[in-house]
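Commentary on secondary and tertiary structure
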Amino acid sequence: MYWLGLHDGERPPARQQFDPVDLPSRALPYLFLLERIPGPGWRLRLAGSHLVDALGRDFTGCELVDEQIPGVSLSRTVRLLNQMAETGLPGHFHGRSTFRFRDNYDDHEQVLLPFRDRKTGLIEAVLGAIVYEGLQGAFGPGATW
């Protein structure tokens, strides 16, 4: 609902319109932020503690390439980003994960919300939220938001 409220007609909102302070603090562990980098790539700019706990490592600052995050090309996040590049629309997935470092959760659900550059209109950042269902770790089994 928050992201929809930032919309400017049919275009995604500008990155400058987003302020994480406007979100409930209980949502912050589930968020991640991706930024577009030169070429057709993305970098993980921010990773919430739920994502870090599920993967067992903090990949903040890494590009979404297998050389920096092994196996990331198989992830639903990369698939959703590719769809978003074609359609310009948000992405959503709920189901079995094809990418994991540890076997500490069951399925996952995620949403990706694009933000555009004010000058070019191109997608420059993506806000994601992810819940690893049944995660055994810092948030306990069955953590939800």
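Residues numbered from 1 in each chain as written. Predicted model: local features only at pLDDT ≥ 70, side-chain atom pairs only at ≥ 80, totals over all residues. Heavy atoms only, no water.

Our focus in this paragraph is the overall build of the chain. If you tally the helices and strands in the chain, you get three helices and five strands. When the elements of the chain are put in sequence order from the N terminus, they spell out α-β-β-α-α-β-β-β. Residues classed as buried in the chain amount to 44% of the 145 residues present. The long-range share in the chain, meaning contacts at least 24 apart out of those at least 6 apart in sequence, stands at 50%. (Helix = DSSP H or I, 4+ residues; strand = E, 2+ residues; numbered from the N terminus. Buried < 20%, exposed > 50% of the residue type's maximum accessible area, 1.4 Å probe, protein only. Contact = heavy atoms within 4.5 Å.)

To locate leftover empty space, one rolls a probe as large as a water molecule over the atoms. Size it by volume and the second largest pocket reaches roughly 230 Å³. Secondary structure elements with two or more residues in the lining of the second largest pocket: strand 1 (31-37), strand 2 (41-47) and helix 3 (76-87). For the lining of the second largest pocket, the element with the most residues is helix 3, which contributes four residues. (1 Å grid on protein atoms, 1.4 Å probe; cavity = no way out; pocket = protein on both sides within 12 Å on 5 of 7 lines; lining within 4 Å. Points joined across faces, edges and corners; volume = space filled by probe spheres on them.)

Let us look at the packing of aromatic side chains. Any pair of aromatic rings gets described here by the distance separating the centres and the angle formed by the planes. Per the stated rule, a full pass over the model turns up one aromatic pair. Geometrically, the ring pair formed by phenylalanine 18 and phenylalanine 115 is tilted, given 5.5 Å between the ring centres and 40° between the ring planes. Placement of phenylalanine 18 in the loop between helix 1 (2-5) and strand 1 and of phenylalanine 115 in strand 4 (residues 108-116) is noted, with a sequence separation of 97 residues between them. With respect to class, phenylalanine 18 is no different from phenylalanine 115; both count as buried. (Phe/Tyr/Trp six-rings, centres within 6.5 Å; stacked < 30°, edge-to-face > 60°.)

Counting across every chain of the model gives one cavity of 30 Å³ or more. Put simply, the largest cavity is a space of about 230 Å³. Around the largest cavity sit 18 residues that line it, and Leu51, Leu55, Thr77, Phe99 and Tyr132 are the ones nearest its centre.

Turning our eyes to something else, we now look at helix 3. In this model, helix 3 (12 residues) spans 16 Å end to end at C-alpha, consistent with the 16 Å of a helix rising 1.5 Å per residue. For helix 3, every residue scored as buried is listed here: Thr77, Val78, Leu80, Leu81 and Met84. Along the axis of helix 3, the buried positions cluster into a sector of 160°, meaning they face one direction only. On its buried face, helix 3 sits against strand 1, strand 2, strand 3 (91-95), strand 4 and strand 5 (123-132). Note on helix 3: the residue one or two positions beyond its end, glycine 88, has a positive phi of about 75°. (Expected span 1.5 Å × (residues − 1). Arc of directions from axis to C-beta.)

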